[in-house]
Amino acid sequence: MTGLASLFGVRLVLGMGEGATLPAATRAVSKWIPIEKRGTAIGATHAAGRLGAGTAAPIVALLITWFSWRFSFVAVGILSTLWAVVWWWYFYEDPRQHPRITSAELAVLPTADSTGQIGSGPVPWRRLIPRMAPLMIVYFCQGWTGWLFVTWMPSLLQKNYGVEIKKSAFLYMALLFSGFLAELIGGMTTDSLLRRTGSLQIARSLMIAGSWVFAVAGLVPVILFHDMVIGVSGFMVTVFFLGFAISPLWTATMDIAPDYAGTSSSLMNASGAVAGILSPVAFAWILDRTGSWTLPFAVSVCLLLFAIVMTYWIRPDRPIETVPSIGRLAVAGE
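Treat the numbers as computed from the prediction; the structure is a model and nothing was measured. (Residues numbered from 1 in each chain as written. Predicted model: local features only at pLDDT ≥ 70, side-chain atom pairs only at ≥ 80, totals over all residues. Heavy atoms only, no water.)

Draft legend 1. Highlighting the pattern of salt bridges. For the structure on display, the rule yields eight salt bridges. The residue arginine 27 makes a salt bridge to glutamate 93 at a minimum N-O spacing of 3.2 Å. One end of the pair, arginine 27, is in helix α2 (residues 21-32); the other, glutamate 93, is in the loop between α4 (69-90) and α5 (103-108), with 66 residues separating them in the sequence. Glutamate 93 sits in the partly exposed class, given a relative accessible area of 33%. The partner of arginine 96 in a salt bridge is aspartate 94, with the nearest N and O atoms 3.0 Å apart. (Salt bridge = Lys/Arg side-chain N within 4 Å of Asp/Glu carboxyl O. Helix = DSSP H or I, 4+ residues; strand = E, 2+ residues; numbered from the N terminus. Buried < 20%, exposed > 50% of the residue type's maximum accessible area, 1.4 Å probe, protein only.)

Following this line, the structure appears as structure tokens:
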């Protein structure tokens with residue numbers, strides 16, 4: 001890089017590549033996993049990403065210490081390229097084309113139809129966006145608080161509670177590990193609720209709302225009391241239940257638009273990214289005006305309470321029908 005402009009440009013390209021990962025994974029899950037097991041699959045996928053982020057930091061630090069920061073980028077790039085080759089060779093968009101798939105597995109997959117077509121035609125934007133709007137709103141509210149933990153938590157632990165750098169790093173890792181467990185357990189829980197009740201509204205919408213009730217309960221004492229034990233405990237509860245809601249949120253995109261899972265999940269993911277842009281700036285502005293490190297989380301409480309109400313309108317039990325692939329130009333605007 002020769003300056004800020006080139007750094008921004010390369011980072012933008014990197015973000016474009018990263019941005020497709022979770023929607024593509026969601027699309028793959030929608031074609032490869034039966035509906036009653038999708039929550040567990042999504043939970044494992046997202047938890048693995050969180051685990052990767054946590055373990056990468058010390059590994060990259062060692063590479064920088066032993067070699068250089070440039071070498072760390074080269075090493076990660078080579079590993080990513082090798083994995084991309086393996087994925088390209090092993091993964092099949094259509095499960096029926098995979099040489100190791102069994103007839104028993106095909107019998108329970110959503111793609112095991114008689115048409116033999118994996119495509120779903122043009123995206124019905126006019127129907128998809130209004131149906132996805134409630135989910136995009138609630139994910140924005142979730143992302144607002146989630147990004148605060150990513151961007152401000154290490155500094156908050158040091159400045160607000162006087163925790164040493166080493167201890168704050170340990171506590172931050174504990175918070176991340178809490179989220180890792182929550183995403184795994186949340187995935188299994190939403191599947192269990194679906195099997196027990198047969199209701200997508202309970203397994204998705206109600207579970208999301210319940211998770212955020214506990215997340216709010218964790219934040220309120222943090223705002224009211226300046227105490228490290230209360231603060232860390234409250235943040236731990238909040239991080240856990242934010243992660244607990246991840247699987248029902250992402251599986252709801254498949255429930256609402258089973259044949260457009262990539263597009264629907266990318267819409268929701270984009271709303272969370274917007275929250276990631278705005279929330280750290282808002283945190284800094286409130287901190288600058290008030291001097292309080294915990295008061296910015298009052299905005300999170302308000303947004304999460306609003307999101308709890310909005311979960312009623314997600315309606316994962318009412319899927320969008322597929323647009324026929326014939327006459328694409330005529331129906332592309334539907």
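Still more to cover.
Draft legend 2. Representation of the packing of helix α6 (residues 125-161) against helix α12 (residues 297-310) within the structure. Direction vectors running N to C along α6 and α12 enclose 155°, while the axes themselves pass 9 Å from each other. The angle between α6 and α12 places the two elements in the roughly antiparallel class. Crossing hand, α6 versus α12: left-handed. Facing Pro134, Ile137, Val138, Cys141, Gln142, Trp144, Thr145, Leu148, Phe149, Met153 and Leu156 of α6, the residues of α12 in contact are Phe297, Val299, Ser300, Leu303, Leu304, Phe306, Ala307 and Met310. Of the residues in the contact of α6 with α12, the class split is 16 nonpolar, three polar and no charged. (Axes fitted to C-alpha atoms, helices over the stretch in contact; angles between N-to-C directions. Parallel < 35°, antiparallel > 145°, perpendicular 65-115°, else oblique. Left-handed = near helix turned anticlockwise from the far one by under 90°. Contact = heavy atoms within 4.5 Å. Nonpolar A, V, L, I, M, F, W, Y, C, P; charged D, E, K, R; others polar.)

Draft legend 3. Molecular detail of the packing of α2 against helix α10 (residues 246-256). The interhelical angle for the contact between α2 and α10, taken along N-to-C directions, is 60°, at an axis separation of 10 Å. Comparing their axes, α10 and α2 come out oblique. By crossing handedness, the relation of α2 to α10 is classed as right-handed. Where α2 abuts α10, its residues Leu22, Pro23, Thr26, Val29 and Ser30 lie against Trp250, Thr253 and Met254. Tallied by class, the residues present in the contact of α2 with α10 amount to five nonpolar, three polar and no charged.

Draft legend 4. Focus on the nonpolar core. The biggest cluster of nonpolar side chains holds 62 residues, and the ones touching the most others in it are Leu135, Met153, Trp212, Phe235, Leu249 and Phe297. For this core, the leading source of residues is α6, giving 14 residues. Residues in contact with phenylalanine 235, not counting those within four places in the same chain, are Phe149, Met153, Leu156, Tyr161, Leu175, Leu219, Val222 and Phe297. (Core = buried A, V, L, I, M, F, W, Y, C linked by side-chain atoms within 4.5 Å.)

Draft legend 5. Representation of a nonpolar patch on the surface. A cluster of nonpolar side chains, namely Leu62, Trp66, Phe67, Phe71, Val74, Ile78, Leu79 and Leu82, defines an oily patch on the protein surface of about 860 Å² accessible area. Here the nonpolar patch gets five residues from one element, more than from any other, and that element is α4. The topology assignment puts leucine 82 in helix α4. (Patch = residues over 30% accessible without salt bridge, like charges linked within 9 Å, V, L, I, M, F, W, Y side chains within 5 Å. Areas by Shrake-Rupley, 256 points an atom, 1.4 Å probe, with all protein chains shown as cover.)

Draft legend 6. Region of the structure containing the packing of aromatic side chains. Tallied over the full model, the rule gives 21 aromatic pairs. Between tryptophan 32 and phenylalanine 91 the ring centres are 6.2 Å apart and the planes differ by 40°, which places this aromatic pair in the tilted class. Here tryptophan 32 is found in helix α2, whereas its partner phenylalanine 91 is found in the loop between α4 and α5, with 59 residues between them in sequence. Residue classification places tryptophan 32 among the partly exposed residues on the basis of a relative accessible area of 21%. Ring geometry for tryptophan 89 versus tyrosine 90: centroids 5.9 Å apart, planes at 50°, classification tilted. A residue is classified by how much of its surface remains accessible, and tryptophan 89, at 61% relative accessible area, is exposed. (Phe/Tyr/Trp six-rings, centres within 6.5 Å; stacked < 30°, edge-to-face > 60°.)

Draft legend 7. Main features of the state of the cysteines. Applying the stated criterion to the full structure yields zero disulfides. Not engaged in a disulfide, the cysteine cysteine 302 finds its nearest cysteine sulfur in cysteine 141; these two sulfurs lie 10 Å apart. Classification of cysteine 302 by relative accessible area gives exposed; the value is 53%. (Disulfide = S-S within 2.5 Å.)

Draft legend 8. Inspection of the environment of proline 296 at higher detail. Within the fold, proline 296 resides in the loop between α11 (261-290) and α12. C-alpha separation for the pair proline 296 and threonine 145, spaced 151 residues apart in sequence, amounts to 9.7 Å. When sequence neighbours within four positions are dropped, the list of residues in contact with proline 296 reads Phe283, Ile286 and Leu287.

Draft legend 9. Quick peek at the environment of leucine 63. For leucine 63, the position within the fold is in helix α3 (residues 38-66). Residues leucine 63 and alanine 75, twelve residues apart in the sequence, show an inter-C-alpha distance of 8.6 Å. Leave out the neighbours within four places in its chain, and leucine 63 touches Ser68, Phe71, Ser72 and Ala75.

Draft legend 10. A look at the side chain of histidine 98. When you line up the elements, histidine 98 lands in the loop between α4 and α5. Owing to a relative accessible area of 8%, histidine 98 belongs among the buried residues under this scheme. Not counting residues within four places of it along the chain, the set of residues in contact with histidine 98 comprises Trp32, Tyr90 and Tyr92.

Draft legend 11. Fine view of the confidence of the model for the protein chain. Of the residues in the protein chain, 92% have a pLDDT of 70 or more, and the chain-wide mean is 86. This model gives residues 326-332 a pLDDT under 50, and the stretch forms eight contacts once residues within four places in sequence are excluded. (pLDDT = per-residue confidence, 0-100.)

Draft legend 12. Expanded view of the environment of glutamate 105. For glutamate 105, the location among the structural elements is in helix α5. The partly exposed category is assigned to glutamate 105, whose relative accessible area is 38%. For the pair glutamate 105 and tryptophan 32, spaced 73 residues apart in the sequence, the C-alpha separation amounts to 9.3 Å.

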